[in-house]
Amino acid sequence: MCGIVGYTGFREAYPIVLKGLKRLEYRGYDSAGVALINDDGLNIFKKKGKVAELEEYAYTKNMQSQLCIGHTRWATHGEPSDRNAHPHLSHSGEIAMLHNGIIENYAQLKSELLKKGYSFKSDTDTEVLLNFIDDIKKENACTLEQAVSIALKRIVGAYCILLIHKDDPETIIAARKGSPLVIGIGKGEHFLASDASPIIEYTKEVVYVNDYEIAIVRPNELILKNLGNEVQTPFVQKLDMELAAIEKGGYDHFMLKEIFEQPQTIEDCLRGRLDAVGGSIILSGISNYSKEILQANRILIVACGTSWHAGLVAEYIIEELCRIPVEVEYASEFRYRNPIVHKGDVIIAISQSGETADTLVALENAKEKGAIILGIVNVVGSSIARLSHAGAYTHAGHEIGVASTKAFTGQLAVLMMLALKLGYENGTIAADRYQLLCNDLASVPEKVAQILKLDDAIKKIALKYADARDFLYLGRGYNFPIALEGALKLKEISYIHAEGYPAAEMKHGPIALVDENLPVVFVATKDSFHEKVVSNMQEIKARKGQIIAIITEGDTVSPTLSDDVIILPAIDEIIAPILNVIPLQLLSYHIGIAKGLDVDKPRNLAKSVTVE
Ligand code: G6P
């Protein structure tokens, strides 16, 4: 949710910041802007729209500077416009600031500033905070860093802010609470960004700034302080990431690249953990907590979006294999409804980014109440990963496409290993079933590769239905969350209205939508409910709906009821969700492309939602 980049050093700063903003566009693309200092003084250049618009606008301007801060926005306060784009300039014209997050008490601060004669050029909460800092600086005749520190003590909300002052062309002041900030350490230069992708081609040494810390960043100096003005020792980490991971590698879109990476990313996720031949599963980040999990009265899963769908699959699987009750909660609901959390309760947090604000705050609240937090997270070193007592990374690599694909299958792979391991230790899975499931899980990368060969066939189906106004996705049992995920993917990428529903529940409402124009996608692979799903297909067929069925090889009945079928290799029903989602990802991708849409950056969405 908003991407930020900063540079101070010996190189030309604007091209570095611009490139960084392009890499962070997945975080928002409502507007883009930069602030820099050169012979023309402190100047801001900003434009509504994607980073490319800013690039074009700034083409003829004097962008030379060794210091630059930049922002790509996902609008919260104020419509997307040039005026509301970041960075903002303070009332005094001396300070430029950009911000990722939301200042919740901005209205109170704004009325105080209005009374003092301040006026505002934008509708943003950011400009309020900036002028608040400007005012403190003037009133206390203090440094910018001191003014920031005083101001932040009164701020309610989430922020990552970068500031520069017209009289100091070397220094960036940065601070964070709730929104991520990583600082890359070079020789005679520093890089600041919302994640490491703008940094890796210059340095692999990074510091993740913690909440309530202020960074004073100069070419040869990085000082970290807490809000009490005490100097903190930066914890320097080595990035385990390659540049190739954030490039398209010959694919037209990141989404397609990431869909096609899944045989490898799932393999990476299973490697060193699942030994199917030896019948063992090692999740070293969790093993110390096996006892607590198995003794828990219930497990709570907290997540948002696609990660919430992975949580629903986990609910079905953990209850089946471990016989422990599981509840799955939307983080945004969980955090505000005064949930009952006891000391020792186990909460599994699922998040690709590890930065989703609602999930993060929900976990902080639960942790304060004594819950044990297990994080299933993709981004190494992210806030949720650091907050968790234990956990397992999904190892899906950098996911750039805004609609999550490979991170989802990585989450499923981890959750399946977790359920299998706990069920086996709990004695709630028979040894032969455990072995069979381990074997099937190990076969997933190869079977995903087989499914990806259906890409052309799926593209043809996509073209046939691309003009539909609505879609219905139906599944039962383990495939119900996959129906939800298929519908979400289509909405995100193609802007077609789509609903996921339990196949049988469809009779209680959505069936009224069915006519000859409604495509209905059945996730109907062979499982314990298969005959029931076939009956649901009959019900749709009888009402002339068009059926696209995801089925298992050898199924001879479903094709007779379907207009189109996508045939997948056989696998146990518990492992099947990880395969069944693949054709749905491809279907959405091809429909989005057929409609001429930007599938990597769908309108209004952002990949990392760091505001609530
Ligand atoms: C956004 C993204 C989704 C993602 C959700 C949760 O809405 O567009 O793809 O599933 O946030 O994000 P997380 O990083 O916590 O998994």
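Just above, that's the structure.
Structure report, in brief.

Procedures and definitions
Along each chain, residues carry numbers from 1 onward, in the same order as the chain's sequence is written. In keeping with the model being predicted, local features are shown solely for residues with a pLDDT of at least 70 and side-chain atom pairs are shown and tallied solely at 80 or more, while totals for entire chains, interfaces and linings include all residues. Side-chain measures here rest on the full set of heavy atoms in the structure, leaving out hydrogens and waters. A pairing counts as a salt bridge when a side-chain nitrogen of Lys or Arg comes within 4 Å of a carboxyl oxygen of Asp or Glu. For every residue, the accessible area (1.4 Å probe, protein chains only) is compared with the maximum for its type, and the residue is labelled buried under 20%, exposed over 50%, or partly exposed between those bounds. Segments assigned H or I by DSSP are reported as helices when at least four residues long, segments assigned E as strands when at least two residues long, and all are numbered from the N terminus. In this description, contact between two residues means that some pair of their heavy atoms is separated by no more than 4.5 Å. Here a polar contact is recorded for every N or O atom pair within 3.5 Å, except that within protein the pair must consist of a potential hydrogen donor and a potential acceptor, and residues adjacent in sequence are included only if both atoms are side-chain atoms. Here a Phe, Tyr or Trp ring, Trp counted by its six-membered ring, pairs with any other such ring whose centre lies within 6.5 Å, and the pair is stacked when the planes are under 30 degrees apart, edge-to-face when over 60, and tilted otherwise. Note on geometry: a ring has a charge over it if NZ (lysine) or CZ (arginine) is within 6 Å of the ring centre and within 35 degrees of the ring normal. Axes here mean lines fitted to C-alpha atoms, for a helix over just the part in contact, with angles spanning 0 to 180 degrees between N-to-C directions. Angles are sorted into four bins: roughly parallel if under 35 degrees, roughly antiparallel if over 145, roughly perpendicular if 65 to 115, and oblique for all others. Each crossing gets its handedness from the near helix: less than a right angle anticlockwise from the far helix is left-handed, clockwise is right-handed. The nonpolar class holds Ala, Val, Leu, Ile, Met, Phe, Trp, Tyr, Cys and Pro. Asp, Glu, Lys and Arg form the charged class, and all remaining residues, Gly among them, are polar. Throughout, near means a residue has at least one heavy atom within 4 Å of the molecule or strand. Here the Shrake-Rupley method, with its probe set to 1.4 Å, supplies the accessible areas, and only the displayed protein chains count as covering residues. To qualify as a nonpolar core, a set must consist of buried Ala, Val, Leu, Ile, Met, Phe, Trp, Tyr and Cys residues joined through side-chain atoms within 4.5 Å. A pair of strands counts as paired when DSSP detects no fewer than two bridges linking them. Expected span, for any helix, means 1.5 Å times one less than how many residues it has.

**Description of the pattern of salt bridges**
Next, step 1: Counted according to the given criterion, the structure contains 30 salt bridges.
Next, step 2: The residue glutamate 329 makes a salt bridge to arginine 337 at a minimum N-O spacing of 2.3 Å.
Next, step 3: Residue arginine 337 is classed as partly exposed on the basis of its relative accessible area of 42%.
Next, step 4: In this structure, arginine 433 engages aspartate 572 in a salt bridge whose closest nitrogen and oxygen atoms are separated by 2.7 Å. Taken together, the positions of arginine 433 in helix H14 (residues 431-442) and aspartate 572 in the loop between strand S27 (564-568) and helix H20 (576-594) put the pair 139 residues apart, joining distant regions of the chain.
Next, step 5: Taking the relative accessible area as the measure of exposure, aspartate 572 reaches 14% and is therefore buried.

**So, the environment of lysine 47**
Next, step 1: Following the sequence through the fold, lysine 47 ends up in strand S3 (residues 41-48).
Next, step 2: The class of lysine 47 is partly exposed, set by a relative accessible area of 23%.
Next, step 3: Excluding anything up to four places from it in sequence, lysine 47 contacts Ser31, Ala32, Glu53, Leu54, Tyr57, Asp82 and Ala85.
Next, step 4: In this structure the side chain of lysine 47 is engaged in a polar contact, spanning 3.0 Å, whose partner is the side chain of aspartate 82.

**Remarks on the packing of aromatic side chains**
Next, step 1: Under the defined criterion, the tally for this structure stands at seven aromatic pairs.
Next, step 2: Ring centres of tyrosine 424 and tyrosine 434 lie 3.9 Å apart, and the angle between their planes is 10°; this geometry places the pair in the stacked category. Here tyrosine 424, found in helix H13 (residues 406-426), pairs with tyrosine 434, found in helix H14; they are 10 residues apart in sequence, far enough to count as distant.
Next, step 3: Residue classification places tyrosine 424 among the partly exposed residues on the basis of a relative accessible area of 40%.
Next, step 4: Ring pairs connect the aromatic residues Tyr7, Phe191 and Tyr202, which therefore count as one cluster.
Next, step 5: Lysine 110 extends its terminal NZ or CZ atom over the ring of phenylalanine 120, reaching a point 5.0 Å from the ring centre.
Next, step 6: Sitting above the plane of the tyrosine 495 ring, arginine 603 keeps its charged end 3.9 Å from the centroid.

**Remarks on the packing of helix H7 (residues 262-270) against H13**
Next, step 1: Where H7 meets H13, the closest approach of the two axes is 9 Å, and the angle between their N-to-C directions is 30°. Judged by the angle between their axes, H7 and H13 are roughly parallel. The hand of the H7/H13 crossing is right-handed. Each of Gln262, Thr265, Ile266, Cys269 and Leu270 in H7 lies in contact with H13, whose residues at this interface are Lys406, Thr409, Gly410, Ala413, Val414 and Met417.
Next, step 2: Taken together, the residues of the contact of H7 with H13 break down into six nonpolar, four polar and one charged.

**Focus: the site of the ligand**
Next, step 1: Around the ligand there are 13 residues in total, and Ser307, Ser351, Gln352, Ser353 and Thr356 lie nearest to it.
Next, step 2: Serine 307 places a side-chain nitrogen or oxygen 2.5 Å from an oxygen atom of the ligand.
Next, step 3: Note that an oxygen atom of the ligand is positioned 3.4 Å from one of the backbone N or O atoms of valine 402.
Next, step 4: Relative to its unbound accessible area of 390 Å², the ligand is 91% covered by the protein chains.
Next, step 5: Among the elements that take part in the shell around the ligand, helix H9 (residues 305-322) stands out by supplying three residues, more than any other.
Next, step 6: Residues that form the shell around the ligand fall into these classes: four nonpolar, eight polar and one charged.

**So, the nonpolar core**
In a soluble, globular protein the nonpolar side chains are often hidden away together inside.
Next, step 1: Ile348, Phe471 and Tyr473 are the most contacted members of the largest nonpolar core, which has 96 residues in total.
Next, step 2: Residue contributions to this core peak at 11 residues, all from H13.
Next, step 3: Non-local contacts of tyrosine 473, meaning those with residues more than four positions away in its chain, are made with Ala483, Gly486, Ala487, Leu490, Ala498, Glu499, Gly500, Tyr501, Val521, Leu584 and Leu587.
Next, step 4: By size, the runner-up hydrophobic cluster in this structure holds 34 residues, among which are Ala13, Leu24, Leu239 and Val402.

**A word on unusual backbone geometry**
Next, step 1: In this structure, the amide linkage connecting histidine 86 to the following residue, proline 87, adopts the cis form with an omega of 0°.
Next, step 2: Residue position: proline 87 is located in the loop between strand S4 (67-73) and strand S5 (88-89).
Next, step 3: We note that alanine 141 has phi near 45°; this positive angle belongs to a residue other than glycine.
Next, step 4: Its location among the elements puts alanine 141 in the loop between helix H4 (125-140) and helix H5 (144-152).
Next, step 5: Judged by its relative accessible area of 71%, alanine 141 is exposed.

**Describing the sheet that holds S3**
Each strand in a sheet pairs with another by means of backbone hydrogen bonds, the pair being arranged parallel or else antiparallel.
Next, step 1: Taken in spatial order, the eight strands line up as S3-S2-S4-S1-S10-S9-S11-S15 in an open sheet, and their pairing is antiparallel. Strand pairing shows two members of the sheet lacking a second neighbour, S3 and strand S15 (236-238), which therefore form its edges. Going across the sheet, the axis of each strand differs from the next one's by a mean of 20°, ignoring polarity.
Next, step 2: When strand S2 (residues 31-38) meets S3, the two strands line up antiparallel, connected through eight bridges. From the neighbouring strand, isoleucine 37 faces S3, where its bridge partner is leucine 42.
Next, step 3: The strands touched by helix H1 (residues 13-23) are strand S1 (3-8), S2, S4 and strand S10 (190-193); relative to S4, the strand with the most contacts, the crossing angle is about 20°.

**Considerations on H9**
Next, step 1: Here H9 spans 25 Å end to end across 18 residues, near enough to the 26 Å set by a 1.5 Å rise per residue.
Next, step 2: When you tally the buried positions in H9, you get 14 out of 18 residues, the bulk of the element.
Next, step 3: Arginine 323 lies just past H9 and shows a positive phi near 55°.

Any functional reading would require information that these geometric values do not contain.
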